[in-house]
Amino acid sequence: EKPGLELAVVSVPSYACQRHTPLLHHNITLTDALSILAENAELGENEGRGVAFRRAAALLKSLPQEVRGAEQLRGLPCLGEHSLRVIKEVLEDGVSHEVETTTHSEQFKAMKALTGIFGVGAKTADRWFKEGIHTPSDLQRSGHTLNRAQRAGLQYYDELNLPVTKSEAVAIGQIVERAVHAVLPGAEITLIGGFRRGKQTGHDVDFLITHPDEGREEGLMPKVVSWLEAQGFLLYQKTTGNSYLESKEGPARPASNMDRFERCFSIFRLSTDNEGREIQTGNGPQTYSPTLTNTDPHTHSESPHPLPQTLVVVGDHAQKVSWVLGHSQCSGPRSWRAVRVDLVVSPYSQFPFALLGWTGSKLFERELRRWAVHEKAMTLSSHALYDRKRTLYLRASSEEEIFAHLGLEYIPPCDRNA
Ligand code: DCP
Ligand code: MG
């Protein structure tokens, strides 16, 4: 018997929302393998299979030490037959054959590249893949009619696929705060999503906006967007109104997991001068040239790889970001980058629910809702918590109170990285 093989785990609860899942954990090799399979299932629109792999990965993330042998996993929940097989293979051979095959598959690579375009989901990507389109460059050459989001996604492809750093998120936060306070003093802005869970990078930056005087937040988003646009901070935006009141499903029973808050999907133009301490003047002195990015999908058709253009990061990305485009036509370094930003406006009374619902992770959220329904006969959304037995809405003024209503130990954001 090798020493230290037994995991110091007596029992692990089966819902991810019952466990502490820190960002850094002890089983990265295993969770990376399972995440690839989850991603592949999701890209193939096999949601159930994706969730099974995600649950298995989340279980491993919550373990207090490294798993060295499959025997240590006996009695643990969330590990299905398939996931266990993959785990055993990785433990024994260092790699999983299925994972290797997946990562090298033309379809997986193409689906990842195409869904990496902002505005492109699995369905669209699959349709294009079947037409022989495997890369953003293929798409650009294809002459397909793209919607506004997809055009922006293609135009800023490289940058939007480059992780957003914490310091960039903070800089965006300062801009959002200025915009919001300019149109509604007293409004409160909270950084949500992965950054609230302590992540150092993200694929976007998410903010939740509210105002202590309920009602003052109504119609806020168009005003914020106008301010940002006037200052030159937005490269793209699409605002959707609050449809919560009109919805027939009732507050805690949205038709889908999508919530109904006033929301803005945007692409910010973030200045990258001044050692990462961005001076927030969208239209300030700059070397911006419209020729830096392809606005017309056909203009670069003679080039074998019109997109993605090569962006070279100069210096330490986290400290100082300056961009130089690899194309010879470019007139010099560019002093800004494109960043995906999501803004959500919530009425004050729904704020704790919105905060909980928008902090993630996606699996943690899914597990909270599953726990609520199956263990408590309650319905949880980003708007409210409904008790189906007592047929009433449960109020809360903090996330802690929501966990208490749900009969769950409070899990802080940094431990919601399931
Ligand atoms: N969310 C949700 N329903 C939506 C959109 C988002 O419940 N329709 C939640 C779950 C996410 C959080 O909001 O954790 C933010 O969404 P992101 O896609 O930005 O996810 P993260 O911020 O967690 O990840 P990343 O760091 O990649 O941005
Ligand atoms: Mg995010």
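Parameters at a glance
- Residues numbered from 1 in each chain as written.
- Chains lettered and ligands numbered in written order.
- Predicted model: local features only at pLDDT ≥ 70, side-chain atom pairs only at ≥ 80, totals over all residues.
- Heavy atoms only, no water.
- pLDDT = per-residue confidence, 0-100.
- Contact = heavy atoms within 4.5 Å.
- Donors = N, O, S within 2.8 Å, 3.2 Å for Na, K, Ca; no water.
- Buried < 20%, exposed > 50% of the residue type's maximum accessible area, 1.4 Å probe, protein only.
- Phe/Tyr/Trp six-rings, centres within 6.5 Å; stacked < 30°, edge-to-face > 60°.
- Lys NZ or Arg CZ within 6 Å of the ring centre and 35° of its normal.
- Near = heavy atom within 4 Å.
- Polar contact = N/O pair within 3.5 Å; in protein donor to acceptor, adjacent residues only side chain to side chain.
- Areas by Shrake-Rupley, 256 points an atom, 1.4 Å probe, with all protein chains shown as cover.
- Helix = DSSP H or I, 4+ residues; strand = E, 2+ residues; numbered from the N terminus.
- Nonpolar A, V, L, I, M, F, W, Y, C, P; charged D, E, K, R; others polar.
- Pairing = 2+ DSSP bridges.
- Salt bridge = Lys/Arg side-chain N within 4 Å of Asp/Glu carboxyl O.
- Axes fitted to C-alpha atoms, helices over the stretch in contact; angles between N-to-C directions.

A.B. asks: Mind showing me how you'd approach the confidence of the model for the chain here?
C.D. replies: The predicted coordinates should not be examined in detail at positions where pLDDT is low. Mean pLDDT over the chain works out to 86, with 80% of the residues at or above the 70 mark. Considering only residues more than four positions removed or in separate chains, one finds that residues 275-281, a stretch of pLDDT under 50, has 19 contacts. Taken as a whole, residues 283-329 scores under 50 in pLDDT and shows 90 contacts with residues more than four places along the chain or in a different chain.

A.B. asks: Explanation requested: the coordination of the magnesium ion (ligand 2) in the structure shown.
C.D. replies: For a metal bound by four donors in a tetrahedral arrangement, the ideal donor-metal-donor angle is 109.5 degrees, while six donors in an octahedral arrangement ideally sit at 90 or 180 degrees. On the protein side, the magnesium ion (ligand 2) has Asp204 (OD) and Asp206 (OD) as donor atoms, found 2.0 to 2.2 Å from it. We classify aspartate 206 as buried; its relative accessible area is 8%.

A.B. asks: What am I meant to see in the packing of aromatic side chains here?
C.D. replies: For any two aromatic rings, the description comes down to two numbers: the centre-to-centre distance and the angle of the planes. The tally for this structure, following the rule as stated, stands at six aromatic pairs. Note on tyrosine 386 and tyrosine 393: the rings are 4.8 Å apart at their centroids and 55° apart in plane angle, and the pair reads as tilted. Taken together, a centroid distance of 5.2 Å and an interplanar angle of 80° make the contact between phenylalanine 403 and tyrosine 410 edge-to-face. Residue tyrosine 410 is classed as partly exposed on the basis of its relative accessible area of 27%. The aromatic ring of tryptophan 336 is capped on one face by arginine 334, whose charged end is 3.7 Å from the ring centroid.

A.B. asks: Even after reading the chapter, I still don't get the site of ligand 1, so can you show me in this structure?
C.D. replies: Near ligand 1, the surroundings consist of 16 residues, among which Gly194, Lys199, His203, Asp204 and Lys362 are the closest. The separation between an oxygen atom of ligand 1 and a polar main-chain atom of glycine 194 is 2.7 Å. Between an oxygen atom of ligand 1 and a main-chain N or O atom of glycine 357, the distance comes to 3.2 Å. For ligand 1, whose unbound accessible area comes to 570 Å², protein coverage reaches 84%. Contributions of two or more residues to the shell around ligand 1 are made by helix H11 (193-196) and helix H13 (351-359). It is H13 that provides the largest number of residues to the shell around ligand 1, a total of three residues. Of the residues that constitute the shell around ligand 1, the class distribution is two nonpolar, eight polar and six charged.

A.B. asks: Please clarify how the sheet that holds strand S10 (residues 378-380) should be interpreted in this entry.
C.D. replies: Sheets are built from strands paired through backbone hydrogen bonds, the pairs being either parallel or antiparallel. The sheet built from three strands is open, its strands ordered S10-S11-S12 with antiparallel pairing. In this open sheet, the two edge strands, each paired with only one partner strand, are S10 and strand S12 (392-393). With three bridges connecting them, S10 and strand S11 (residues 385-387) associate as antiparallel partners. Note on S11: the bridge partner recorded for methionine 378 is aspartate 387.

A.B. asks: I tried to follow the pattern of salt bridges on my own but got confused; where do I start?
C.D. replies: It is possible for side chains of opposite charge to pair when their charged atoms get near one another. Within this structure, the stated rule accounts for 19 salt bridges. In this structure, the salt-bridge partner of lysine 112 is glutamate 39, at a minimum N-O distance of 2.7 Å. In this pair, lysine 112 is assigned in helix H5 (residues 106-115) and glutamate 39 in helix H1 (residues 28-43), connecting sequence segments 73 residues apart. Taking relative accessible area as the criterion, lysine 112 reaches 37% and is therefore assigned partly exposed. Where glutamate 399 meets arginine 416, a salt bridge forms, and the shortest distance between an N and an O atom there is 2.9 Å. Separated by 17 residues along the polypeptide, glutamate 399 in helix H15 (residues 399-405) and arginine 416 in the segment after H15 bring together distant segments of the chain. Shared partners join several salt bridges into a network, and the residues in it are Arg55, Glu367 and Arg370.

A.B. asks: Explain the sheet that holds strand S9 (residues 336-345) to me, please; I cannot follow it from the model alone.
C.D. replies: An order of S2-S4-S9-S6-S5 is seen for the five strands of this open sheet, with the pairing classed as mixed. The strands lining the two open edges of the sheet, one partner per strand, are strand S2 (188-192) and strand S5 (234-240). The average undirected angle you get between the axes of adjacent strands in this sheet is 25°. As defined by bridge partners, strand S4 (residues 205-210) adjoins S9 across five bridges and the pair is classed as parallel. Residue pairing in the sheet places isoleucine 209 in a bridge with valine 345 of S9.

A.B. asks: Help me understand the environment of leucine 208, please; the structure alone is not making it clear to me.
C.D. replies: Turning to its location among the elements, leucine 208 is positioned in strand S4. Residue leucine 208 is classed as buried on the basis of its relative accessible area of 0%. Leaving out residues up to four positions away in the same chain, leucine 208 has contacts with Glu188, Ile189, Thr190, Ile192, Val344, Ser346, Phe351, Ala354 and Leu355.

A.B. asks: What should I look at first to understand unusual backbone geometry in this one?
C.D. replies: Both trends apply: most residues other than glycine have a negative phi, and most peptide bonds are in trans. Here the amide bond leading from glycine 360 into serine 361 is cis, since omega sits at -5°, within 30 degrees of zero. Secondary-structure assignment places serine 361 in the loop between H13 and helix H14 (362-376). Phi angles above zero are rare outside glycine, and glutamate 45 is one such case at about 55°. Within the fold, glutamate 45 resides in the loop between H1 and helix H2 (47-61).

A.B. asks: Would you take a moment to explain the environment of proline 212 for this structure?
C.D. replies: Mapped onto the elements, proline 212 comes out in the loop between S4 and helix H12 (220-230). Spatially, the C-alpha atoms of proline 212 and glycine 186 are 7.7 Å apart, while their sequence positions differ by 26 residues. Beyond its immediate stretch of four places on either side in the chain, proline 212 contacts Gly186, Glu188 and Tyr348.

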